[in-house]
Each structure stands twice: as C-alpha cells, then as structure tokens.
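Architecture at a glance
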Amino acid sequence: MAAIASTGRLVLASSRSLAGKAAKAAARLQVPGIESSGFAGSIAPIRQQQAARSSSRAAVAAAAAAPVMAAASSKGKALISVSDKTGLDVLAKGLAELGYEIVSTGGSATAIEAAGVPVKRVEELTGFPEMLDGRVKTLHPGVHGGILARRDLPAHMAAIEQHGIATIDLVIVNLYPFRQTVTAATKSSYDVAVENIDIGGPAMIRAAAKNHEHVTVVVDPSDYTQLLEALGGGSAAEALAFRKRCAWKAFQHCATYDSTVAEWLWGQVGEGPAPEMSVPMKLAQGLRYGENPHQTAAFYTDASLAEHGMGGVGTAVQRHGKELSYNNYLDADAAYSTACDFDAPTCVIVKHTNPCGVASRDDLLEAYRLAVIADPISAFGGIVAFNRPVDADLARELREFRSPTDGETRMFYEIVVAPGYTPDGLDVLKGKSKTLRILEAQPRAPSGRSLRQVSAGWLQQGADSLQPSGIEFTCVSEKQPTPQQLEDLKFAWLCVKHVKSNAITVAKDGKLLGMGSGQPNRVKSVQIALEKAADEVKGSVLASDAFFPFSWNDSVEIACQAGVAAIVHPGGSVRDQDAIDCCNKYGVALLTTGVRHFKH
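Residues numbered from 1 in each chain as written. Predicted model: local features only at pLDDT ≥ 70, side-chain atom pairs only at ≥ 80, totals over all residues. Heavy atoms only, no water.

1. Details of the overall build of the protein
Along the backbone of the protein there are 21 helices and 22 strands. Taking all 600 residues of the protein together, the buried fraction comes to 50%. In the protein, the share of contacts with a sequence separation of at least 24, taken over all contacts with a separation of at least 6, comes to 69%. When the accessible surface of the protein is totalled, it reaches about 26900 Å², and 53% of it is carbon and sulfur. (Helix = DSSP H or I, 4+ residues; strand = E, 2+ residues; numbered from the N terminus. Buried < 20%, exposed > 50% of the residue type's maximum accessible area, 1.4 Å probe, protein only. Contact = heavy atoms within 4.5 Å. Areas by Shrake-Rupley, 256 points an atom, 1.4 Å probe, with all protein chains shown as cover.)

Below you can see the structure in the form of structure tokens.
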C-alpha cells in the first residue's frame, strides 16, 4: 500500500492496481485557472457552512455508539475540509472512482454532495455536531486520533480500535482566507478578522504533516492532479518522498498563515518594532546565479501584510525579454524607485544601482535624451526607468537613439521599466532587441519598511521617503539663490538621496550633470561629479548627502572655484562657519537642510 497526500484529508493510498483509474482521474482534474505550482502555497476563500446539517442530534448520537471504521471495500478514508473549493468536484469524483471513502465538513460536504459523490459528514465520525458557530468541528479524538495514529505501533492501533476510531490516511485542507479578509478594499472589523483565524484547519494539517510516514496532506488545489497520479502507484520510496514533500509544504503553509495573523495582530495592539517577527516569502523565480556566476541565487516576493498593494519592481510584470538576473533586480529597483520619487515626468538611468542620468521635463522624450547625455558611457548597458507610460514615439527614440559619444552606436540597455506602455509603444520597444527586458510596474516611491541582512542578523528601518517639499531649505550665506537655482537645488537634493554615499550631485535646469558616488572621502566624490559635469558646471548647483567636514582647499572651495553657483548640504559640522565663509568669499549661495541622506 502506498500512502499519498493532497490538499485535504484522505486515507491510505491504493496499490499499483489503481494506476489506470488514477491516471484517468488526474487527467480529468485539469481545472481552469489552476496551474501546477510545484508545491507553491495558497490561501483559499472562507469555508462557509452552506447547507443545513444532514443528520439530527439523535442520528449523531447513534453514529457515535458504533465504531466508525472504513468500509471493508474502501481503499481508505479521505478527510476533506477546504475553503478554496476550486477543483473540489473533480477531485472528489476522482477519489471516489479510486475507491476512497470521503468524510467532509460543512460547505465542503455540501459541495461534494452537489457533485453527486457519496460523502459522510464529520459529525458521523466524531459523534458530535459542529459547535460554537463552526468554531469546533474537527477538534475531536475521532479526527486527530485517526490522523496521528502510527500504523507501525500495535499500541496505537489497539488504542484507536478500542475507542472505535478509524484511520485517516489522506488529509485535504486549506484555510480560512484571513489575508484576503484583512487586506480587502473595504476594511473588515476586528471581530470579523478574528473569526477568520482558522483553528481546526491548521491543527489537522500539522497533525497529518507530523505523521507523514503514514498520512498524506495536501493544502493546495494545484496539487490535486499530482495527488491523483501518485495514488495510482509507485514504489514505497517514491510514496514516502511525496508524503515528505507534502508535509514540508503543509508546515510552510501554516507558518505563512500564522505569520500573517501575528503581523496583523501586532498592528492592532503593538507599538514600535515587534519583539519577534517572521516575514513570509514566496519563491518567484530561480536565478541562474547571484552577483557573480559562482553564487547561487533566487528571487522571492514579500508576502507580508506590510507589502500588500505597495507596488514596485518586486511585483512587476515582464512584457518582453530575457529572464531577470540578480543584478537586474537590484538595478531595476534602484532606477524605478528614483524615478517614482519625482512628481514631474522624469527619466532615470541607473548603472550599478547609482543614477548616472536624471532629467525632468513635460516632454518625457526630451527627458530621456537629457538623461542619456548626462553620462552616455555609463548609460550604455544600464537600466532606463520612467514615471509615466511609454508611448510609440518614446519607444521609437529608445530603439533608435545613437550614443552621443560617436553619433552612430545605438544605445544598449538591459531593462526598461515604466508604469505602463501603449500597445503601439510596447510593440515598437519589443523591436529593439529580443533580450531587452521590458517591465511594467505599479509606481512606488520610497515607502514602507526596509529589511537588510547582516551576518546573523537583520536591520530594519523605514524607507527614506522624505521629499524636498518636507524640508526647510535655509540660506546661510550672504548670496541668496535665485528662484531657478532653488528649484535646481531641490532637484539635486532629490537626486543625491538615491546615490551611494559619499554622494555628490551637480545639476542645472532640471537635469543631472554629474554625480560622484561611493567614495570613501567626500573630496573625491566632488571631483568626480565636477569632472562629469565638465563645461556645464558654470552656474550649476551642487548637493551633498552629508555635511562638509572641511571647506578651505577642500570640497566647498573646489566646487566654488569650478563655477558652481549654489550649494546645499545638511549642515551640522563643527566647521560649518568655514563653509559659509568660503561661499561668501566666492559669491556662492549656501543652503542647509538639517537632513542627511546617507545611502549605504
């Protein structure tokens, strides 16, 4: 006999003689809208009690008086209790055809009856009716004894026989839709949310998963086909391997469910960081390698409530091109996060997570051209992000634009990401190359929480969501900035927060002219930014992510001598007066914000 598992509760699986029937049943179980998930988790809609109880209390009592054992002719007992009833009718028919006796609860039993499949209600197994508005249905030795009994221990088998308990060998269960309830567009009440916390379901799932040497548990409708196929035969080793895999998925399913409940409840009663925290994640894609070919990698989506509906690259739809790599995800996220931080139509080009080109214009096509011109060498092979949809004209420019370095070479990009594409725009852009990755993502400026791993620990912080509109730009120099210079300072300040520290940006007329990133000393970042700005530095503005520790013959004086017209930095150095005196000497406007924008 081979025991198999699925998304519910089932009995001992049949032998190889069932292979033909199992294959037919599995073939029928091609449920529209379900694809095999390879054991991907799912949380299903609520198990509603849709019909009146089929037996009276007297019938229940009578059933309890006699041992409830599997019929001699059955291949085993399947216990089914599901919220998500997708494919349930076909599954039930397949199990019945294979000779399984089905026991079920509430709405699941009603649905199985409606499919014309014989089913016993769980009350007949336990001898007790459902109680407390359905809170107690399966929390009974008649259920858990049948699931947890070890078939290889005579004492276990004697104990359940003594109490008239039948073995349950296949458990098919999925849980109340708690996540869907608390993330619904119409906010649920506290009481409604609590009532959607499943108790009996996780208990049965965990019991079956623990006893996986003898019991198969299935929690995902997309696994029904594989279950029916497995019930048809195979070696004992194959059957055990399947049950173990199902057990892993069952425990992970419950862990994700409990993490969601705990996260929601802390949000209701807690303040500050939770004393304990788990973050549910779902595998979205296995990656060929990590940052380098010798490193293994994968991409997971964050299934926590904190990320629900937040958008961004992690939930983007890929419209074209090669699969994304580890580095692609990092760069695309950096580019799109920067683009979405701007209110005006903006193009951002990123290389190695740093923006090398940024421009804001009413004409997005013009913004793209200016972003490339800022640093065409770095832009080549980079990631292009827009905060507005891409139309056919812009797509054509992306496809045909030649590098400003020689006027001949077409610009090459790894990724284009935008909040949308017109049909013509998408078709045109696909023509650039077969490998160009085209992403469509819900806009997301820096927001939510940030988690970052260090050895044996995690750092959590809120996103750097501060905008120039929320900062007071205070002029501390004799020279006052012009209105245009002030707008440019705000633009440069928004750019610099997305550049790795030590970060310097030089900008003018709503476009980035040059940036210096990631240098251990701020002087070198200033020199790099000024070098990239070249002749356009005259009359430009400069932003620094942190204060200038020195000014004379240092960062501030170098910028002033290069022709920068206005500078903004957080201030707060013990030598701030040196920066003021230096700017006064050269007639440069100096502003402070009181806000630092470190990015490590």
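2. Observations concerning unusual backbone geometry
Geometrically, the link from Ser501 to Asn502 is a cis peptide bond, its omega value of -5° lying close to zero. For Asn502, the location among the structural elements is in the loop between helix 18 (483–496) and strand 18 (504–508). Despite not being glycine, Ala534 has its phi angle at roughly 55°, a positive value. Note that Ala534 resides in the loop between helix 19 (522–533) and strand 20 (541–544). Taking the relative accessible area as the measure of exposure, Ala534 reaches 42% and is therefore partly exposed.

3. Topic: the packing of helix 19 against helix 20 (residues 555–562)
The interhelical angle for the contact between helix 19 and helix 20, taken along N-to-C directions, is 15°, at an axis separation of 9 Å. Taken together, the axis directions place helix 19 and helix 20 in an arrangement best described as roughly parallel. When you trace helix 19 past helix 20, the crossing you get is right-handed. Of the residues in helix 20, those in contact with Arg522, Val523, Val526, Gln527 and Leu530 of helix 19 are Ser555, Ile558, Ala559 and Ala562. Classifying every residue of the contact of helix 19 with helix 20 by side-chain character gives six nonpolar, two polar and one charged. (Axes fitted to C-alpha atoms, helices over the stretch in contact; angles between N-to-C directions. Parallel < 35°, antiparallel > 145°, perpendicular 65-115°, else oblique. Left-handed = near helix turned anticlockwise from the far one by under 90°. Nonpolar A, V, L, I, M, F, W, Y, C, P; charged D, E, K, R; others polar.)

4. Focus on the pattern of salt bridges
In the structure shown here, the tally under the stated rule is 20 salt bridges. Asp341 is the partner of Lys497 in a salt bridge, and the nearest nitrogen-oxygen pair spans 2.9 Å. Remark: Asp341 occurs in the loop between helix 13 (326–340) and strand 10 (346–351) and Lys497 occurs in the loop between helix 18 and strand 18; sequence separation between them is 156 residues. Each member of the pair, Lys497 as well as Asp341, carries the same accessibility label: buried. Residues Arg437 and Glu414 are paired through a salt bridge, measuring 2.7 Å at the closest nitrogen-oxygen approach. (Salt bridge = Lys/Arg side-chain N within 4 Å of Asp/Glu carboxyl O.)

5. A word on the packing of aromatic side chains
Evaluation of the coordinates by the stated rule reveals nine aromatic pairs. Judged by centre distance (5.5 Å) and plane angle (50°), the ring pair of Phe342 and Phe491 falls under tilted. Here Phe491 lies in helix 18 and Phe342 lies in the loop between helix 13 and strand 10, a separation of 149 residues in the sequence. Comparing Phe342 with Phe491, the two get one shared label, buried. Put simply, the rings of Phe178, Tyr190, Tyr257 and Trp264 touch in pairs and so form one group of aromatic residues. (Phe/Tyr/Trp six-rings, centres within 6.5 Å; stacked < 30°, edge-to-face > 60°.)

6. Details of the pairing of strand 13 (residues 413–418)
In terms of burial, strand 13 is a largely internal element, five of the six residues being buried. In terms of strand pairing, strand 12 (residues 382–386) meets strand 13 through four bridges, oriented parallel. The residue of strand 13 that forms the bridge with Val384 is Val416. Bridge count for strand 13 against strand 14 (residues 437–440) is four bridges, and the pairing is parallel. For Val417, the partnering residue across the bridge sits in strand 14 and is Leu439. (Pairing = 2+ DSSP bridges.)

7. A few points about the nonpolar core
Counting residues in hydrophobic clusters, the biggest one holds 42 residues, and the most contacted among them are Tyr336, Val358, Ile415, Val417, Trp493 and Val568. Ignoring any residue separated from it by four or fewer positions in sequence, one finds Val568 in contact with Phe473, Leu489, Trp493, Leu542, Ala543, Ser544, Leu591 and Thr593. In terms of nonpolar packing, the next biggest core, distinct from the first, is built from 29 residues, Leu364, Val390, Ala418 and Leu426 among them. (Core = buried A, V, L, I, M, F, W, Y, C linked by side-chain atoms within 4.5 Å.)

8. Brief notes about helix 3 (residues 88–97)
Where helix 3 is concerned, the buried positions are Leu88, Val90, Leu91, Ala92, Gly94 and Leu95. The positive-phi residue at the C-terminal boundary of helix 3 is Gly99, with phi of around 95°.

9. A few points about the confidence of the model for the protein
Of the residues in the protein, 88% reach a pLDDT of 70 or more, and the chain-wide mean stands at 86. The low-confidence segment residues 1–19 (pLDDT under 50) makes 112 contacts with residues lying over four places distant or belonging to another chain. Confidence drops under pLDDT 50 across residues 30–72; counting only partners more than four residues distant or on other chains, this segment forms 102 contacts. (pLDDT = per-residue confidence, 0-100.)

10. Quick notes on the pairing of strand 11 (residues 354–360)
Among the seven residues in strand 11, seven count as buried, and that is most of the element. Sheet analysis places strand 10 next to strand 11, joined by six bridges and oriented antiparallel. By the bridge assignment, Cys347 is partnered in strand 11 with Ala359. Where strand 10 folds back onto strand 11 in an antiparallel hairpin, the turn is made up of two residues, including His352, whose phi is positive at roughly 55°.

11. Structural notes on empty space enclosed by the protein
All chains considered together, the criterion is met by two cavities of 30 Å³ or more. Around the largest cavity, the lining residues are Leu287, Arg288, Tyr289, Glu323, Leu324 and Ser325. (1 Å grid on protein atoms, 1.4 Å probe; cavity = no way out; pocket = protein on both sides within 12 Å on 5 of 7 lines; lining within 4 Å. Points joined across faces, edges and corners; volume = space filled by probe spheres on them.)

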